[in-house]
Amino acid sequence: MDKIRNFSIVAHIDHGKTTLSDRILEDTGAVPKRKMQAQLLDGMDLERERGITIKAKAVRLKYKDYILNLIDTPGHVDFSYEVARSLRACEGVLLLVDASQGVEAQTVAHAHLAQSLGLKIIPVINKVDLSQSDADIAEEQIWEVLKEPVSAERVSAKTGFGTGGLLERIVRDIPTPAGAERGKTRALIFDSFYDSFRGVIIYVRMVDGMLKTGQTLKLMGADFHSKIEELGFMTPKMEKCDVLRAGEVGYVVAGIKDIHSVQVGDTVTLAENPAEAPLPGYEHIKPVVFASIFPIDSTDYPLLRTALEKLNLSDSSFSYQSETSKALGFGFRLGFMGLLHIEIVKERLEREFNLSLIATSPNVIYQVKFHHRKSHPQELSALTDAGDGYKWIDNPANFPPYGDIIDIKEPTIRIKIVTPIAFMDAVMTLLKEKRGVFISLEHLSSQRVMINYYMPMAEMVIDFYNKLKSVSKGYASFDYELDEYRSADVVLMEILIHGTPVDALSVITHKDRAQTRGRLLCEKLKELIGRQQFEVAVQARVDGKIIARETIPAFRKDVIAKCYGGDITRKRKLLEKQKEGKRRMKSIGNVDIPQEAFVAMLKIEE
């Protein structure tokens, strides 16, 4: 164990984590130069296309006579759960900062998380080869965040400058793993994925004892037993071994076909000599944004359920439960960590499992207090209790009638925005528009400030990220954490098509914005639905009142084209007959809503 070092690389998005991982892989000889490629640890096509890391990747390296277990983590705020998970499997962390951009919002968040877990932090300043970089200012900003002057390693991940000194610093400064080699076996599951031939493959960080091929393991949380078929570690390809000892990071294949028995954060021990208590520290992730996903072809529903179960193994941060929509049929209600998370999960389901899906507008979870009546549908009485007479509601379709609502509480967030001083006024104006409440302003340097605000979560879900990038010309970065639930003047806005409410188009919005948003939505739906054989009304309704309306005119066939000459009464008779037919069609007609209408809900503010 004295020769093992476990560490993660954390940074803001685009500061060069994966490039630094590539150089470390090269310098330690884990990958020959002829096989080297950019973003080597990013295995998904989606990661390469977007240039972002979505999944944390663990890899075992040999340096001199040391074993280094490196975990490359994502940088986007929506995937911060991957970072938290990775840090709990490490003793140290490389805090990477781009010398040309300085400390960003995610850098601050990751530094504080690492400090709270008691990890050794090595600051690393990257991109020192760029002409616009200023490593001295970046180092001062890091000291300001860490509240102590820690000397930073200066590297260029692209050219490889400084990585040799960084490896020496890792070996010297990062402590050896704590744990009892001769104690009862305990290993932490920090990731897993499904292989169609070998079942669930578990990634573990060994804490105490050892695992050997042929032994029977026990998952303490699920109380599940299975025989170990294969052990190994990633180098970065899978490499078999016979034993995993305390302090090591590796994978376990135990022929587990039941997807539900494996949970990230569970403790692995031995069935014949089990540990008394599981490992502490893992919390169940609570989703903050909810959206529904439906298969375009309703016969794909069982395939979607299987796909969600398999995807949930490698991404345990989203939750799902089945739901039915009058407009879209059978589907699932999913809870996510943010808007990018929704996009990534939907795209992975479509690519990896060959499904065609449609997602509804995202919304947050509310606490609602209302008068209970016998006439209410069963769904309302089945809602989870939130205390003090409030119920949790994550779906606008489950809202009680407006006359029965006593109070609605919405989730608020504490948002940190790091921006150049030149854009400070524009950013603060945007936060005010989004119902933000000022907390504090901190100067990180003579050129950059960190703005702290309270803001309703729902305002961030709509289009906050795009607008922030727009007002700051792409220079501002943000990070957020959930705060408390506060009473708010929000209302349910229903969309009626041809007089019938469409549950999948219902949204929760602030009362002051309801009319503007309702008009925008009705105008957009008028374009997307298109003309029918009869006149169609598109309406927005709040508290029983219609607040916006657009009318889609009917197609009109020229029925009097065949009348050349003759009496006017003949033409009138044909027109009246057509009008009567349209009236009858309107009373029994159904309107097909195209998929674009549901997608447009996500981009309504654009």
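Located above this text is the structure these notes cover.
Scope of this entry: the structure provided in the associated data block. Owing to the predicted nature of the structure, the values given are computational and were not obtained by experimental measurement. (Residues numbered from 1 in each chain as written. Predicted model: local features only at pLDDT ≥ 70, side-chain atom pairs only at ≥ 80, totals over all residues. Heavy atoms only, no water.)

### Thoughts on the overall build of the protein chain
Within the protein chain one finds 14 helices and 32 strands. Every one of the 606 residues in the protein chain was classed for burial, and the buried ones make up 53%. Accessible area of the protein chain: about 28,000 Å², with a carbon and sulfur share of 49%. (Helix = DSSP H or I, 4+ residues; strand = E, 2+ residues; numbered from the N terminus. Buried < 20%, exposed > 50% of the residue type's maximum accessible area, 1.4 Å probe, protein only. Areas by Shrake-Rupley, 256 points an atom, 1.4 Å probe, with all protein chains shown as cover.)

### Notes on the sheet that holds strand β20 (residues 357-359)
Consider a sheet: its strands pair through backbone hydrogen bonds, and that pairing is either parallel or antiparallel. Taken together, 4 strands build an open sheet; the order of strands is β18-β19-β17-β20 and the sheet is antiparallel. Edge positions in the sheet fall to β18 (319-325) and β20, since each of these pairs with one other strand and no more. For this sheet, the mean inter-axis angle between neighbouring strands, taken without regard to orientation, is 30°. Pairing of strand β17 (residues 289-295) with β20, which is carried by 3 bridges, proceeds in the antiparallel orientation. Its bridge partner lying in β20, Phe294 is registered against Ile358. The sheet strands contacting helix α8 (residues 339-353) are β17, β19 (329-336) and β20, and the helix crosses β20 at an angle near 170°. (Pairing = 2+ DSSP bridges. Axes fitted to C-alpha atoms, helices over the stretch in contact; angles between N-to-C directions. Contact = heavy atoms within 4.5 Å.)

### Some thoughts on the nonpolar core
Formed by 53 residues in total, the largest nonpolar core has its most connected members in Leu349, Tyr366, Ile415, Ile417, Leu431 and Phe464. It is helix α11 (residues 457-471) that contributes the most residues to this core, 6 residues altogether. If sequence neighbours within four positions are ignored, Leu431 has contacts with Ile415, Ile417, Gly436, Ile451, Tyr453, Met455 and Phe464. Grouped together as the second largest cluster of nonpolar side chains are 25 residues, Val103, Val108, Ala135 and Val150 included. (Core = buried A, V, L, I, M, F, W, Y, C linked by side-chain atoms within 4.5 Å.)

### A look at the packing of aromatic side chains
Tallying each qualifying case throughout the model produces 12 aromatic pairs. Ring centres of Tyr301 and Phe332 lie 5.1 Å apart, and the angle between their planes is 10°; this geometry places the pair in the stacked category. You can see Tyr301 sitting in helix α7 (residues 301-314) and its partner Phe332 sitting in strand β19, a full 31 residues away along the chain. In this structure Tyr301 comes out as buried when scored by relative accessible area, which is 16%. (Phe/Tyr/Trp six-rings, centres within 6.5 Å; stacked < 30°, edge-to-face > 60°.)

### Some thoughts on the pairing of strand β2 (residues 57-63)
Of all 7 residues in β2, 5 are buried, a share of seventy percent or more. Bridging between β2 and strand β3 (residues 66-72) involves 7 bridges; their strand directions are antiparallel. Bridge assignment links Tyr63 to a residue of β3, and that residue is Tyr66. Here β2 folds back onto β3 in antiparallel fashion, the turn holding 2 residues, of which Lys64 has a positive phi close to 55°.

### Quick look at the sheet that holds strand β5 (residues 120-126)
Overall, mixed pairing links the 6 strands, which are arranged β2-β3-β1-β4-β5-β6 in an open sheet. A strand with exactly one partner marks an edge of an open sheet, and here the two such strands are β2 and β6 (153-154). Taken together, the 2 bridges between β5 and β6 define a ladder with parallel strand orientation. Within β6, the residue paired with Ile125 across the bridge is Arg154. Contacting β1 (4-10), β4 (92-98) and β5, helix α4 (residues 105-116) crosses the sheet at an angle of about 165° to β4.

### Considerations on the environment of Arg549
Structurally, Arg549 can be placed in strand β32 (residues 545-552). For the pair Arg549 and Gly518, spaced 31 residues apart in sequence, the C-alpha separation works out to 8.3 Å. Here Thr551 takes part through its side chain, which lies 3.1 Å from a polar atom of the side chain of Arg549. (Polar contact = N/O pair within 3.5 Å; in protein donor to acceptor, adjacent residues only side chain to side chain.)

### Side note on helix α1 (residues 17-27)
The buried fraction of α1 amounts to 8 of the 11 residues, a majority that puts the element mostly inside the structure. Among all positions of α1, only Lys17, Thr18, Leu20, Ser21, Asp22, Arg23, Ile24 and Leu25 are buried. Structurally, α1 contributes buried residues whose contacts are with β1, β2, β3, β4 and α6 (163-173).

### Considering the side chain of Thr235
Position of Thr235 relative to the elements: it lies in the loop between β12 (230-234) and β13 (238-241). Within polar-contact distance, the side chain of Thr235 engages the side chain of Glu239 at 3.3 Å. If we skip the residues at most four places from it in the chain, Thr235 touches Ala30, Val59 and Arg60.

### Examining a positive patch on the surface
Judged by side-chain charge, Lys557, Lys562, Arg570, Lys573 and Lys577 come together as a positively charged surface patch. Within the secondary structure layout, Lys557 lies in the loop between β32 and α13 (568-588). For Lys557, a relative accessible area of 62% puts it in the exposed group. (Patch = residues over 30% accessible without salt bridge, like charges linked within 9 Å, V, L, I, M, F, W, Y side chains within 5 Å. Salt bridge = Lys/Arg side-chain N within 4 Å of Asp/Glu carboxyl O. Lys, Arg positive; Asp, Glu negative; His and termini not counted. Charge placed at Lys NZ, Arg CZ, Asp CG, Glu CD.)

### Notes on the packing of α7 against α8
Between α7 and α8, whose axes approach to 11 Å, the crossing angle comes to 115°. One element, α7, and the other, α8, form an angle in the roughly perpendicular class. Our pair here, α7 against α8, has a crossing hand that is right-handed. Of the residues in α8, those touching α7 at Leu304, Ala307, Leu308, Lys310, Leu311 and Ser314 are Val345, Arg348, Leu349, Glu352 and Phe353. For the contact of α7 with α8, the per-class residue count stands at 7 nonpolar, 1 polar and 3 charged. (Parallel < 35°, antiparallel > 145°, perpendicular 65-115°, else oblique. Left-handed = near helix turned anticlockwise from the far one by under 90°. Nonpolar A, V, L, I, M, F, W, Y, C, P; charged D, E, K, R; others polar.)

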